Amino acid sequence: MSLSRSPSPVPGGGWASPGLNIASGRSSPTRAFPGSSGTPAMWESSRLKKGGGAGYPSFSTKNQSFFGRHMRRLSSSLPRFGSSPSYADKEKLGRGRWSVHNVPLLGRIRGIMGRMGRKVKIRLLMLLTLLLSIIIFYNSPMVYHWRRSTWLGGGKKIVIILGANVGGGVMDWKGAREWAIERDSVRNKKKYVARWGYELEIVDMSTKKRYAHEWRESWEKVDFVRTALRKYPKAEWFWWLDLNTFVMEPSYSLQDHIFNNLDKHIYRDINEYNPLNISHPFTETYLDAESQSPIGDGKAGSVNLILSQDCSGFNLGSFFVRRSAWTDRLLDLWWDPVAYEQKHMEWAHKEQDALEQLYISQPWVRKHTAFLPQRMINSFPSGACADNGNDTRIHYNEKDRDFLVNMAGCEWGRDCWGEMYNFRELSYYLNRNPWERFKEDLVAVIWFKITGQRVKL
Amino acid sequence: MHFALPPRKTSQPPPYLPRASRLPGLRRSRLKVIALAGLFFLTLIYLVSRPSRSRNAVPTPRVPKGNPPVVLVTVLDETKYSKAYLETVKENRMQYAEKHGYQTLLAKVGDYDLAGAPGSWTTVVAMRDALTKFPDCHYVWHLDASGFVMNPKLKIEEHIMKAAKLDELMKKDVPVVPPDSIIKTFSHLKGQDVDLVLTQDKEGLSAGSLIVRNGEWARFFLETWFGPLYRSYNFQKAEAHALEHIVQWHPTILSRMAIIDQRVINAYGKGGKEEEYKDGDLVIRFPECTAAGAQSCETQSQVFVQAWRRVFAST
């Protein structure tokens, strides 16, 4: 005779078996009163139920089927529900067995950890720490300070000077559109600066009495760059931006976009793109080899001024200067009364023309000036430089994700605010995050195909 | 076959375990520490010297070796002076240069294309040319053809351009153009920062005798001075007034300029007490001499030419 288990004591006597309190009508045992009448009552009811008619014992020794023999083992290995460890303690049925659901998560992890080797544990810990620190790094001000610091990210070394409040001041009132342009442009630069840790210097270009003389209009640029040089003694590069500009790709850092590979991006030989037909290089025999060379000394480190050329020559809507003795000299020489007295009638673009004049005539200026392809720092909308149609060297193309757009000359008969608004929206559209892309490019499209209705998610 | 008992240990156990590796410090546990430290060190090196930094480093300016120490520049204007006179000038420069191992650059008006500007502008471009021809010189000294070197013992680099000497010589906080220009020379300028040395006479800055220190600044200064818009402006005294103009309007030039006493490099044949030549002065000039007549340079300088020939021969 083989019993799969020892028989229970006499029915009716019994012990407190927690699994059997079916009809007691309560979900937890009354542990506070172990000797109370609750337990016998339970047994009574169960016996009544089981005993249906004949009053046979609840087990049969004669039942030799497979299930009969193995029922207990099988059922105890099955997952159980509704049993909390606090009162399963007494029997500890799950002890030593792998059961998925009755061990809480923490316990399970503890179990896994217990079985792991020390080495694996340490490695896992290191991995976890690394992951955690990366997450913390990118979701806290740490990333900002990293990018900002001079010797890590180098953000403090770059100052963006934004000429705001153009035309404000004594000359005229700004309308709602001008305010909107200014607000959007400034916000755009502020966001960009906050992301990469650069310095932002917003300067007031309003008409001032100092510059009211016809010769000195729009020469504030030079003075502002000089002031910024003094104000940010640690900065190396200064990026001038006109108000009508918009950073289309805020995810580009200037270091990645330009400075890390400066020598690859710039061209110093103006013959590469020469709308002004400047004869380059110098051929005067009294100049040394470096001044006669088309690329100066050819080293990226000697570049102190970077600008771009549009269809009609130099464009100073977006240019870089590096702090150096050379820059001081250039800013000093840029405005000269003798030059201006002779040329102010011809120089419609004032400081731009004066710089062209310096570049044409002064070998020391040419040696340290470099150009960037216009679309790297100064793309034009299709309205500017429009005489010859769309030019791939000049005009913005959203497929190439141009960095910055400069709505140059929009105040002369074009709609500045309209352009600014369009580019702002386009920039947001191009730089949607993956979730937005999923919603708009997939879910909304599928929804449209199914129901024929456009939805905004 | 069974071995119920483990084999016996040898009765003479080896005294120590044999060494695992040759170097005693390189145990497995220590190797890890060393590897970690090395990694840390490499990271540090990477952070300190990132590639972008070295590639974009500002190139250090070339330091001239001082060979020759000084280049003498004189423009020989054949329309203004007679041939014989210019020969004596040439001789004077050559002899002085030879005594100290200097070089000379004697240009003629017409050697350079001035784009229609007066011939006196040749002096500026000749100085620029001297920097190109002698890139290793320390100083370029322009001395006008109306002057002679009188004292061959004095050396430019020692008796004038030495920083300590310049500190003594230079006049601080004086009006650039006498008597009443509101632009004054810098009062905190140090001798070592001076790149341009010149003098004033009664009328203003004198470009007849000036010394420029070779370097980036010198190129900037001379090229700016030679700017086409200055040449075309019709300054009354051409390059001399252009010089006064750039010095007064552009602090980057003023801040490198020292004005020294006139007699040090620019004594005049006749004039006030401060400007008149005395024996032992380096230079004598006759700024107002004419091409011919009683006031011609030749007649004015006659006595002094004999004097310098005597002095040069005796030393």
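Rules used throughout
Residues numbered from 1 in each chain as written. Chains lettered and ligands numbered in written order. Predicted model: local features only at pLDDT ≥ 70, side-chain atom pairs only at ≥ 80, totals over all residues. Heavy atoms only, no water. UniProt positions renumbered as here; feature names shortened; annotations may be inferred. Helix = DSSP H or I, 4+ residues; strand = E, 2+ residues; numbered from the N terminus. Buried < 20%, exposed > 50% of the residue type's maximum accessible area, 1.4 Å probe, protein only. Contact = heavy atoms within 4.5 Å. Polar contact = N/O pair within 3.5 Å; in protein donor to acceptor, adjacent residues only side chain to side chain. Expected span 1.5 Å × (residues − 1). Salt bridge = Lys/Arg side-chain N within 4 Å of Asp/Glu carboxyl O. Pairing = 2+ DSSP bridges. Axes fitted to C-alpha atoms, helices over the stretch in contact; angles between N-to-C directions. Core = buried A, V, L, I, M, F, W, Y, C linked by side-chain atoms within 4.5 Å. Nonpolar A, V, L, I, M, F, W, Y, C, P; charged D, E, K, R; others polar. 1 Å grid on protein atoms, 1.4 Å probe; cavity = no way out; pocket = protein on both sides within 12 Å on 5 of 7 lines; lining within 4 Å. Points joined across faces, edges and corners; volume = space filled by probe spheres on them.

Per an unreviewed UniProt entry, chain B goes by Galactosyl transferase GMA12/MNN10 family-domain-containing protein and derives from Parachaetomium inaequale. According to the UniProt record, the Sequence similarities (unreviewed entry) comment for chain B is "Belongs to the glycosyltransferase 34 family."

Named according to an unreviewed UniProt entry, chain A is Glycosyltransferase originating from Parachaetomium inaequale. Its UniProt record, at the heading Sequence similarities (unreviewed entry), says of chain A: "Belongs to the glycosyltransferase 34 family."

Draft legend 1. Representation of the environment of A:Ala444 within the structure. All names here are of chain A. By the secondary structure assignment, alanine 444 is in helix 18 (residues 434–451). Residue alanine 444 is classed as buried on the basis of its relative accessible area of 13%. Residues alanine 444 and leucine 457, 13 residues apart in the sequence, show an inter-C-alpha distance of 7.2 Å. Those residues in contact with alanine 444 that sit more than four places away from it in its chain are Lys439, Val455 and Leu457.

Draft legend 2. Spatial organisation of the environment of A:His265. Residues and elements named next belong to chain A. Tracing the sequence through the fold places histidine 265 in helix 10 (residues 262–265). Taking the C-alpha atoms as reference points, histidine 265 and tyrosine 396, 131 residues apart in sequence, are found 18 Å from one another. Beyond its immediate chain neighbours, meaning those up to four positions away, histidine 265 contacts Asp256, His257, Ile258, Phe371, Leu372, Pro373 and Met376. Within polar-contact distance, the side chain of histidine 265 engages the backbone oxygen of histidine 257 at 3.2 Å.

Draft legend 3. Just helix 8 (residues 220–231) of chain A, in detail. Residues and elements named next belong to chain A. Along its 12 residues, helix 8 runs 16 Å from first to last C-alpha, staying within 8% of the 16 Å computed at 1.5 Å per residue. Every buried residue belonging to helix 8 is among Glu220, Lys221, Val222, Asp223, Phe224, Val225, Ala228 and Leu229, and all of these are buried. Turning to helix 8, the residues buried within the fold contact strand 1 (158–164), strand 2 (199–204), strand 3 (237–241), strand 6 (313–322), helix 12 (325–334) and helix 14 (351–361).

Draft legend 4. Structural view of the pattern of salt bridges. All told, the structure shown has 34 salt bridges over all chains when counted by the stated rule. Salt-bridge contacts for A:Arg177 lead to A:Asp415; the nearest nitrogen and oxygen are separated by 2.8 Å. Here A:Arg177 is found in helix 7 (residues 176–196), whereas its partner A:Asp415 is found in the loop between strand 8 (404–406) and helix 17 (416–430), with 238 residues between them in sequence. Here A:Arg177 falls in the partly exposed class, since its relative accessible area comes to 44%. With a relative accessible area of 37%, A:Asp415 lands in the partly exposed category. One salt bridge in this structure joins B:Arg309 and B:Glu91, with 2.4 Å as the shortest N-O distance. Of this pair, B:Arg309 sits in helix 12 (residues 297–314) while B:Glu91 sits in helix 3 (residues 83–100), and the two are 218 residues apart along the sequence. On the basis of relative accessibility, which here comes to 32%, the residue B:Arg309 falls in the partly exposed class. Via salt bridges that share partners, A:Arg183, A:Asp184, A:Arg424 and A:Glu425 belong to a single interconnected network.

Draft legend 5. Local environment of the sheet that holds strand 8 (residues 257–260) of chain B. Residues and elements named next belong to chain B. Read across the open sheet, the seven strands follow the order 2-1-3-7-6-8-5; overall the sheet is mixed. Two strands close off the open sheet at either side, each with one partner strand: strand 2 (103–108) and strand 5 (170–171). Two strands pair when backbone bridges link them, and strand 1 (residues 70–76) and strand 2 are joined in this way by six bridges, in the parallel orientation. Bridging across to strand 2, leucine 76 finds its partner in lysine 108. Packing of helix 4 (residues 122–133) onto the sheet brings it into contact with strand 1, strand 2, strand 3 (139–143) and strand 7 (204–213), and relative to strand 1 it is tilted by some 145°. Docked against the sheet, helix 7 (residues 216–225) engages strand 6 (196–201) and strand 7, running at close to 145° with respect to strand 7.

Draft legend 6. Layout of helix 3 of chain B. Residues and elements named next belong to chain B. With 18 residues, helix 3 ought to run about 26 Å at 1.5 Å a step, and its terminal C-alpha atoms sit 26 Å apart, in line with that. Check the buried side of helix 3 and you find it contacts strand 1, strand 2, strand 3, strand 4 (147–149), helix 5 (156–159) and helix 12. Glycine 101 sits one or two residues past helix 3 and shows a positive phi near 75°.

Draft legend 7. Representation of the nonpolar core within the structure. Residues and elements named next belong to chain B. Judged by nonpolar contacts, the single largest core of 93 residues is most densely connected at Trp121, Phe221, Trp225 and Leu243. The contacts of tryptophan 121, once residues within four sequence positions are left out, are Leu114, Trp225, Phe226, Tyr230, Arg231, Ala238, Glu239 and Ala242. Core analysis: the next-biggest nonpolar cluster, separate from the first, contains 42 residues, Tyr81, Leu189, Ile260 and Trp308 among them.

Draft legend 8. Spotlight on the interface of chain B and chain A. On the chain A side, the residues contacting the 34 residues of chain B number 41 residues. Our enumeration of links across chain B and chain A arrives at three salt bridges. In this structure, B:Glu216 engages A:Lys367 in a salt bridge whose closest nitrogen and oxygen atoms are separated by 3.8 Å. One can count 14 residue pairs in polar contact (both at pLDDT 80 or more) joining chain B with chain A. For the side of chain B that touches chain A, the secondary structure elements donating two or more residues are helix 2 (51–55), helix 4, helix 7, helix 8 (228–231), helix 9 (238–249) and helix 10 (251–254) of chain B. The element contributing the most residues to the side of chain B that touches chain A is helix 7 of chain B, with six residues. Looking at the side of chain B that touches chain A residue by residue, the class counts come to 17 nonpolar, nine polar and eight charged.

Draft legend 9. Fine view of empty space enclosed by the protein. Counted by the stated rule, this structure contains four cavities of 30 Å³ or more. Considering only enclosed or pocket space, the largest cavity measures out at about 160 Å³ in volume. Considering the residues around the largest cavity, the lining is formed by 16 residues, among which A:Asp336, A:Ala339, A:Gln357, A:Leu358 and B:Leu229 are closest to the centre. Every element with two or more residues in the lining of the largest cavity is listed here: helix 12, helix 13 (337–343) and helix 14 of chain A together with helix 8 of chain B. Counting residues per element, the lining of the largest cavity draws most heavily on helix 14 of chain A, at four residues. Each residue belonging to the lining of the largest cavity can be placed in one class, and the counts come to 10 nonpolar, five polar and one charged. Within this model, the second largest cavity holds a volume of roughly 50 Å³.

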